[in-house]
Amino acid sequence: MALALFVAWPAKEGSSALRLALDHALTTLPGGPAGRRLVSVLIDAAAAPPAQAVHDLLADAGRSLEVAPDLEVSLAIDPRAIGPQGLADYRATGIERVVLRAGVLDEPAQAALAAAAGVFPRCALDLTFGRPRQTFSAWHAELDLALHLGAGHVSLEEHGEGARSDRAATLYRLAI
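Residues numbered from 1 in each chain as written. Predicted model: local features only at pLDDT ≥ 70, side-chain atom pairs only at ≥ 80, totals over all residues. Heavy atoms only, no water.

Asker: Break down the environment of Ala 81 for me, with residues and values.
Answerer: Turning to its location among the elements, Ala 81 is positioned in the loop between β3 (66-77) and α3 (84-93). When the C-alpha positions of Ala 81 and Ala 112 are compared, they lie 9.3 Å apart, and in sequence the two are 31 residues distant. (Helix = DSSP H or I, 4+ residues; strand = E, 2+ residues; numbered from the N terminus.)

This is the structure we're talking about:
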């Protein structure tokens, strides 16, 4: 049976807390972990986790589960929380896809995206549309730049609660 693992990497907890949580999650699976094949791991990090801790977590999961040969391991992180060396360290742990939760493609996010595109075979970018004072031409330029810098996938999120408007709908259609 295929299994996908979602890990919400906390901002303050250490890797030992995550390992305990993983152990607990695996032991409470209906029928236990036996016969489960790990096909996907998504690590959603509030802060940049140490690469060694990521490696250890993946190794722990691999000891309890059959690991699919085409296992997809993704890291979702704020691009302002990591540097180029951190990206290379994550790639060395087995992460093959990075999702940069940028919101806006400012200079730090641009630098992180360009660096990530040189390290990972797949890069995704989360952007927010309908931001205050966001113009159609600026949004178009931001999307073009994201693709130019190496984003193979761009996810869109609308700014704010109740921000739905004709303007927001037009920005969304422009992105599509």
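Asker: Summarise the packing of helix α4 (residues 107-119) against helix α5 (residues 136-149); cite the residues concerned and give the values.
Answerer: Contact geometry of α4 with α5 gives a least axis separation of 9 Å together with a crossing angle of 30 degrees. Considering the angle they form, α4 stands roughly parallel to α5. Of the residues in α5, those touching α4 at Gln 110, Leu 113, Ala 114 and Ala 117 are Leu 145, Ala 146 and Leu 149. (Axes fitted to C-alpha atoms, helices over the stretch in contact; angles between N-to-C directions. Parallel < 35°, antiparallel > 145°, perpendicular 65-115°, else oblique. Contact = heavy atoms within 4.5 Å.)

Asker: Report on the sheet that holds strand β5 (residues 122-129), specifying residues and quantitative values.
Answerer: Sheets are built from strands paired through backbone hydrogen bonds, the pairs being either parallel or antiparallel. In space, the six strands of this open sheet follow the order β1-β2-β3-β4-β5-β6, with parallel pairing throughout. On the outer flanks of this sheet lie β1 (2-9) and β6 (153-158), each paired with one strand and no other. Shown here is a sheet whose adjacent strand axes are inclined to one another by a mean of 15 degrees, direction ignored. The pairing of strand β2 (residues 37-45) with β3 spans seven bridges and is parallel. Note that in β3 the partner of Val 41 across the bridge is Val 73. (Pairing = 2+ DSSP bridges.)

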